Amino acid sequence: MIGLISATAAGSAGCRRVASAWPGRTRVYEGPVGDAVRRAFAECEQLVCFLATGAVVRLVAPLLVDKASDPGIVCVDEGGRFAVSLVGGHGGGANELAREVGELLGAEPVVTTATDSVGVPGLDTLGLPVEGDVAGVSRAMLDGEAVALRADVAWPLPPLRVAEAGAYSIRVSDRAVEPAEREVVLRPPSLVVGVGASKGAPVDEVLGLVEDALRDAGLSVKSVAELATVDAKADEPGILGAAERLGVPVVTYGAEELAAVDVPNPSDAPLAAVGTPSVAEAAALLRGGELLVPKRKSAARPAMATCAVVRRPGRGRLAVVGLGPGARDLLTPRAKDELRRASVLVGLDQYVDQIRDLLLPGTRVLESGLGAEEERARTAVAEARLGQAVALIGSGDAGVYAMASPALAEASDDIDVVGVPGVTAALAAGAILGAPLGHDHVSISLSDLHTPWEVIERRVRAAAEADLVVTFYNPRSRGRDWQLPKALTILAGHRKPTTPVGVVRNASRPDESSRVTTLAGLDPATVDMMTVVTVGNTATREIAGRMVTPRGYRWQEDPK
Ligand code: SAH
């Protein structure tokens, strides 16, 4: 039982939230706090006190006996910002409780035992089914105890800070193993079950066949990633129903594709019915892997379903993550999750510095200086090919004049790629300037390092003629000073000298600056590589110091 104690209105609101979230686990202690704490201490295994740590220390000090039997105590501050594991971090489970309470109340868990190990990923946040002693192993990781990793299947995982041996263990397995004591089993989605079914095959027959096949082969149903079959069976109720009951998607392939797969047990029946000598084996094997269960038929007579099971190789994972323009609160939660999910981080040193504090301890950081783009891209892809979970970072959006294209040009289809969008400089600047991008707009990089100037000039000309709002990236550097004036001259050929121009330097960074000027008034010497320059179209106005491009097209009027 968890005893809940509070003294103030804010504290009792917190108490009520915890009590209503965990009704069977908690008991609220009313009355004078000293008395409430003493009673809870005697009656509960754990306490959550919505009180200052000092008050709780004084109250429980005379009651403490030893760490094996004392309850775990968590304190939550008046503002509900922190959940402090105060006493019994390990034996009393207070570290884990602080994490749980923190999650519930949106408070930061504060754990002071083995400080270096605080940043461990929650085992239930890895996106894989998990069984066994989750609380015990999490607590051991949180306490910096040795936790051994046993992987039957190579699978990309975040840095788990694991040791060669330890009292606790994490097993990564698709086998039907029961977790041992002090062990969790993570279930990677490594199994593909190919299925074939005659028209009208009952759900129970298909599902029973799949479950029997897995059981006889000693495999876990929790590791099934998908059911695979032929296009012609995409709507077969027996297959769809079995997939639904297993909670997995159905993937289908064309008969021709399946016919091209080399299988051990082809036959004439499916060839006549759907145009491929194998459905179950071919669909399971199509994306590669090891055939663990060759084709088998259901026990029903006549058998209406077949299945085969393949273990697909652990695929590396490359996340291409945009960090946004600079400010921490413009980094998306998804980007943050991906940074913590990666065991290898690849990026430009100055961007790595921007997020280093977010990385889990044990993350391998491969940073390099400006100009090493191709090499960074190759490194990231090579690490993913080794089966690692890799994050490749870029500022703003990683796909805009950044790392995504060189990386994906290198990447083959043997790795999974995930893109996380970021707030690109044009948008960050737009929000600062007002509403300059309210109508059609374009971004143009003025860097002629990788693009011939003729090409850039042609695009600037086209944008000028099409009356597009233009945001210039890489507008000017020490060695490249004539391109911006030249580009502005081209635009001035089609727009008035009074056209608003927004200049934003270091958007959302501590030394952010911005101004709205005009085509005639812009001094290119005030622009550098930390800057984006946004030139309005012929309708853009400066209103109250802000740059506003009308939506246009008479959109506010009656369309008829
Ligand atoms: N991937 C980045 C762009 C990289 S190109 C993005 O999506 O934003 C580098 C150029 O982007 C710089 O020369 C500058 O023109 C612009 N830039 C990037 N961050 C910026 C910021 N915070 N403020 C102003 N300009 C920025």
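Residues numbered from 1 in each chain as written. Predicted model: local features only at pLDDT ≥ 70, side-chain atom pairs only at ≥ 80, totals over all residues. Heavy atoms only, no water.

Things to note about the site of the ligand
Taken together, 20 residues lie near the ligand, and Val400, Thr424, Ala507, Met529 and Thr531 sit nearest. For the ligand, a nitrogen atom lies 3.2 Å from a polar atom in the backbone of Pro325. A distance of 2.8 Å is found between a nitrogen atom of the ligand and a backbone nitrogen or oxygen belonging to Ala507. Both domains that meet at the shell around the ligand, namely domain 4 (317-423) and domain 5 (426-548), each give it at least three residues. (Near = heavy atom within 4 Å. Polar contact = N/O pair within 3.5 Å; in protein donor to acceptor, adjacent residues only side chain to side chain. Domains from an automatic or database assignment.)

Thoughts on the sheet that holds strand E19 (residues 389-394)
Reading across from one edge, E18-E17-E19-E16-E20 is the order of the 5 strands in this open sheet, with parallel pairing throughout. Each edge of the open sheet carries a strand with a single partner, namely strand E18 (364-368) and strand E20 (415-420). Each adjacent strand pair in this sheet contributes to an overall mean axis angle of 15°, direction not counted. Bridge count for strand E17 (residues 344-348) against E18 is 5 bridges, and the pairing is parallel. Bridged to Leu345 within E18 is Val365. Where helix H11 (residues 333-341) meets the sheet, its contacts fall on strand E16 (316-322), E17, E19 and E20, and the angle it forms with E16 comes to roughly 140°. (Pairing = 2+ DSSP bridges. Helix = DSSP H or I, 4+ residues; strand = E, 2+ residues; numbered from the N terminus. Axes fitted to C-alpha atoms, helices over the stretch in contact; angles between N-to-C directions. Contact = heavy atoms within 4.5 Å.)

Here's the deal with the domain arrangement of the chain
Each assigned domain of the chain is listed with its residue range as follows: domain 1 (2-112), domain 2 (124-186), domain 3 (191-311), domain 4 (317-423) and domain 5 (426-548). Between the C-alpha centres of domain 1 and domain 4 there is a distance of 39 Å.

Some details on the sheet that holds strand E1 (residues 2-6)
Sheet architecture is open: 6 strands sit in the order E2-E1-E3-E4-E5-E6, paired in mixed fashion. Edge strands, defined here as strands with exactly one partner in the open sheet, are strand E2 (26-29) and strand E6 (108-110). Going across the sheet, the axis of each strand differs from the next one's by a mean of 25°, ignoring polarity. Note that E1 and E2 share 4 bridges and pair parallel. If you follow Ile2 over to E2, its bridge partner there is Thr26. Across the sheet, helix H1 (residues 9-21) touches E1, E2 and strand E3 (46-50), and the angle it forms with E1 is around 160°.

Considering the nonpolar core
In terms of nonpolar packing, the biggest core is built from 23 residues, with Val193, Val195, Val210, Leu214, Leu227, Cys307 and Val309 touching the most fellow members. If you list the elements that add at least two residues to this core, you get strand E11 (191-197), helix H6 (203-216), strand E12 (224-230), helix H7 (237-246) and strand E15 (305-311). In terms of residues, this core owes the most to one element, H6, which gives 6 residues. Ignoring anything within four residues of it in the chain, the contact list for Val195 reads Val206, Val210, Leu227, Ala228, Thr229, Ile239, Val279, Ala280, Thr306 and Cys307. Counting residues in each nonpolar core, the second largest holds 21 residues, with Val470, Ala487, Val527 and Val535 among its members. (Core = buried A, V, L, I, M, F, W, Y, C linked by side-chain atoms within 4.5 Å. Buried < 20%, exposed > 50% of the residue type's maximum accessible area, 1.4 Å probe, protein only.)

Notes on unusual backbone geometry
Arg301 connects to Pro302 through a cis peptide bond whose omega is -5°. One can find Pro302 in the loop between strand E14 (290-297) and E15. Positive phi outside glycine occurs at Asn506, with the angle close to 50°. Relative to the assigned elements, Asn506 resides in the loop between strand E24 (500-505) and strand E25 (513-518). Positive phi values are uncommon outside glycine, yet Ala544 reaches one of about 55°. Relative to the assigned elements, Ala544 resides in the loop between strand E27 (541-543) and strand E28 (546-548).

Focus on the packing of aromatic side chains
One pass over the full model with this rule turns up 2 aromatic pairs. When the centroid spacing of 5.1 Å and the interplanar angle of 70° are considered together, the rings of Trp453 and Trp482 count as edge-to-face. Linking Trp453 in helix H16 (residues 453-465) with Trp482 in the loop between strand E23 (469-473) and helix H17 (483-492), this pair joins segments that are 29 residues apart in sequence. Relative accessible area serves as the criterion here: at 11%, Trp453 is assigned to the buried category. (Phe/Tyr/Trp six-rings, centres within 6.5 Å; stacked < 30°, edge-to-face > 60°.)

Remarks on helix H5 (residues 134-142)
Taken residue by residue, H5 has Gly136, Val137, Ser138, Ala140, Met141 and Leu142 as its buried positions. For H5, the secondary structure elements touched by its buried residues are helix H4 (94-105), strand E8 (147-151), strand E9 (168-172) and strand E10 (183-186). Taken from the residues just after H5, Gly144 is the one with a positive phi, measuring 75°.

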